[in-house]
Amino acid sequence: MSFFTKIRPVHWQVRGLLLLGRPRQALGRIAEALQANPGDTRALATRAHVLAELGEKPDALKALAELVALEPGQAAGWFNYGFLSEEMGLLEQAETAFQRAIAIDPQLDRAWYGLALSLIRQRRFDEAIPALKKNTELQPMSPYGWYQLARVHVQRQEPEEATKIICHLRRFEPKVAAQLERETGLGGRRLKSA
């Protein structure tokens, strides 16, 4: 039996079990795949995803650590490692992982956003601004980076900059702009949207 026929069906079985809502059974099949091939990065990634979905974040993070050790040149693995680290409050670890992802793929907008979030949670607002600016440059029509950038400017006591962002958001995300106005109290500060 070739490697392809031996391992490949396991991935399809895992996929089927997940589609049927049987994550624990899928984890069993993933364990079998990893026993047969400990370097199966696809199985490790799937294991991490399933464990995270089940709320078993420390084990998911361990699987991601194994994944990035096996494939240190994959930006997506570092991004996922950073995302889960940030979610678990491991902010310095998240920051490092996002920086690794960015070093591999400087166009990975979500890594810039994740880096900014980890810096914001550490109250390092000055450092978060360049990351948010890069995120909004890469994803100019996504409100998330703009929203966080406005909030950082409020934290830095720069209401004029936050108001400019609110006016910018009114052009394509008026609901997010209105939310920012309510949250920041900057609703009365109207600049021309031209």
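Residues numbered from 1 in each chain as written. Predicted model: local features only at pLDDT ≥ 70, side-chain atom pairs only at ≥ 80, totals over all residues. Heavy atoms only, no water.

A. Just the overall build of the protein, in detail. Helix and strand counts for the protein stand at 11 helices and zero strands. The order of helices and strands in the protein, counted from the N terminus, is α-α-α-α-α-α-α-α-α-α-α. A compact globule built from 194 residues would reach a C-alpha radius of gyration of about 16 Å, whereas the protein, at 21 Å, exceeds it by more than 25%. Overall size of the protein, expressed as C-alpha extent along the three principal axes, is 70 × 30 × 25 Å. A total of 194 residues make up the protein; the buried ones form 41% of that total. Looking at the protein alone, contacts between residues at least 24 apart form 45% of all its contacts between residues at least 6 apart. Each charge class in the protein was averaged separately, 27 positive and 22 negative side chains, and the resulting centres sit 5 Å apart. (Helix = DSSP H or I, 4+ residues; strand = E, 2+ residues; numbered from the N terminus. Rg over C-alpha atoms; globule rule 2.2 N^0.38 Å. Buried < 20%, exposed > 50% of the residue type's maximum accessible area, 1.4 Å probe, protein only. Contact = heavy atoms within 4.5 Å. Lys, Arg positive; Asp, Glu negative; His and termini not counted. Charge placed at Lys NZ, Arg CZ, Asp CG, Glu CD.)

B. Just the packing of aromatic side chains, in detail. According to the stated counting rule, one finds three aromatic pairs in the structure shown. Look at tryptophan 78 and tyrosine 81: their rings are 6.1 Å apart centre to centre, the planes differ by 90 degrees, and that puts the pair in the edge-to-face class. Separated by three residues within a single helix, tryptophan 78 and tyrosine 81 lie in helix 5 (residues 75-87), roughly one turn from each other. Taken individually, tryptophan 78 and tyrosine 81 each receive the classification buried, so the pair is uniform in this respect. Between phenylalanine 79 and phenylalanine 98 the ring centres are 5.8 Å apart and the planes differ by 50 degrees, which places this aromatic pair in the tilted class. Pair noted here: phenylalanine 79 is in helix 5 and phenylalanine 98 is in helix 6 (residues 91-104), with a separation of 19 residues, a long-range link. Pair check on accessibility: phenylalanine 79 and phenylalanine 98 agree, each one buried. Through a chain of ring-to-ring contacts, three or more aromatic side chains come together here, namely Phe79, Phe83 and Phe98. For the cation-ring pair, arginine 110 lies above phenylalanine 79, with the distance from its terminal atom to the ring centre recorded as 4.5 Å. (Phe/Tyr/Trp six-rings, centres within 6.5 Å; stacked < 30°, edge-to-face > 60°. Lys NZ or Arg CZ within 6 Å of the ring centre and 35° of its normal.)

C. Layout of helix 10 (residues 159-170). Taking 1.5 Å of rise per residue, 12 residues should cover 16 Å, and helix 10 covers 16 Å from first to last C-alpha, within 8% of that figure. Buried within helix 10 we find Ala162, Thr163, Ile165, Ile166, Cys167 and Leu169. Of the surrounding elements, those touching the buried residues of helix 10 are helix 9 (143-155) and helix 11 (174-184). (Expected span 1.5 Å × (residues − 1).)

D. Here's a closer look at the packing of helix 5 against helix 6. Interaxial distance between helix 5 and helix 6 falls to 8 Å at its minimum, and their mutual angle equals 160 degrees. Looking at the two axes, helix 5 sits roughly antiparallel to helix 6. The chirality of how helix 5 crosses helix 6 is left-handed. Here Ala75, Trp78, Phe79, Tyr81, Gly82, Phe83, Ser85 and Glu86 of helix 5 lie close against helix 6, whose contacting residues are Leu91, Gln93, Ala94, Ala97, Phe98, Arg100, Ala101 and Ile104. (Axes fitted to C-alpha atoms, helices over the stretch in contact; angles between N-to-C directions. Parallel < 35°, antiparallel > 145°, perpendicular 65-115°, else oblique. Left-handed = near helix turned anticlockwise from the far one by under 90°.)

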